[in-house]
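Listed below are the residues making up each chain.
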Amino acid sequence: LDRAYTLALKGVQLDPNLPLAHAHLGSVLTWRRQLDAALAEFEKAMALNPNFTDWRLAGALIFAGRPEKAIDVERALMRLDPFFHPLASGWLGLAYYQTKRYSQALTPLRECLSRIPNYRSARAWLAATYAQLGLQEEAQREVAELIRIDPKHSIDGYYRRVPPYKRASDAEHLFTGLRKAGLPES
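Scope of this entry: the structure provided in the associated data block. (Residues numbered from 1 in each chain as written. Predicted model: local features only at pLDDT ≥ 70, side-chain atom pairs only at ≥ 80, totals over all residues. Heavy atoms only, no water.)

1. Describing the side chain of Ser-154
Move 1: Positionally, Ser-154 belongs in the loop between α9 (136–149) and α10 (155–159).
Move 2: A distance of 2.9 Å separates a polar side-chain atom of Ser-154 from the backbone nitrogen of Gly-157.
Move 3: Not counting chain neighbours up to four residues away, the residues in contact with Ser-154 comprise Tyr-159, Leu-183, Pro-184, Glu-185 and Ser-186. (Helix = DSSP H or I, 4+ residues; strand = E, 2+ residues; numbered from the N terminus. Polar contact = N/O pair within 3.5 Å; in protein donor to acceptor, adjacent residues only side chain to side chain. Contact = heavy atoms within 4.5 Å.)

Next up, the structure:
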């Protein structure tokens, strides 16, 4: 992460008028838990080019506690770019999950997994979504697939230390769904 930060910063220094450089820096800042700075970089990217879109902005918005805005951003991106990155639909699904619109989360999460079936986070998000909808058999099937992909995957081992949620309640909402789905605590 430190190396990514150094390189993203260098990219912005080399060409401060390049929207993609600011988006890369925004993405790295998201994972460094500097959410306000991350959103500022994404805003700079869009100020430089109002037609610029980046699927990673949704993650920063979700973690910053703005999932409704993330939904708007990802839906616009998907409408404007028919070849959008497969993770865009995953982030859209998580944004729907975070707003408790579980049934709306299903389609984008399934789409994401149809394009990248071993993406652990989307698989976990789908399991949590099924669990919140009371579809326990489907939730357990997703957890089983997740454990097949990564036998050590757990709530404590990944979700408590990786996602940079600003609000503890947003993280806990996800943990609740993962627990209901049967993902091991540790």
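Back to the text.
2. Regarding the pattern of salt bridges
Move 1: Following the criterion strictly, the structure yields 11 salt bridges and no others.
Move 2: We note a salt bridge from Arg-101 to Glu-68, for which the minimum N-O separation is 3.0 Å. Of this pair, Arg-101 sits in the loop between α6 (86–98) and α7 (102–115) while Glu-68 sits in helix α5 (residues 67–80), and the two are 33 residues apart along the sequence.
Move 3: Judged by relative accessible area, which is 24%, Arg-101 ranks as partly exposed.
Move 4: Here Glu-68 falls in the partly exposed class, since its relative accessible area comes to 42%.
Move 5: Note that Glu-145 and Arg-148 form a salt bridge whose closest N and O atoms lie 2.6 Å from each other. (Salt bridge = Lys/Arg side-chain N within 4 Å of Asp/Glu carboxyl O. Buried < 20%, exposed > 50% of the residue type's maximum accessible area, 1.4 Å probe, protein only.)

3. Considering α9
Move 1: A rise of 1.5 Å per residue sets the reference length of α9, with its 14 residues, at 20 Å; its end C-alpha atoms lie 20 Å apart and thus fit the reference within 8%.
Move 2: Where α9 is concerned, the buried positions are Ala-139, Glu-142, Val-143 and Leu-146. Projection of α9 onto a plane perpendicular to its axis shows the buried side chains occupying an angular sector of 100 degrees, all on one side. Summarising the geometry of α9, the exposed residues directed more than 90 degrees from the buried face are Glu-137 and Arg-148. (Expected span 1.5 Å × (residues − 1). Arc of directions from axis to C-beta.)

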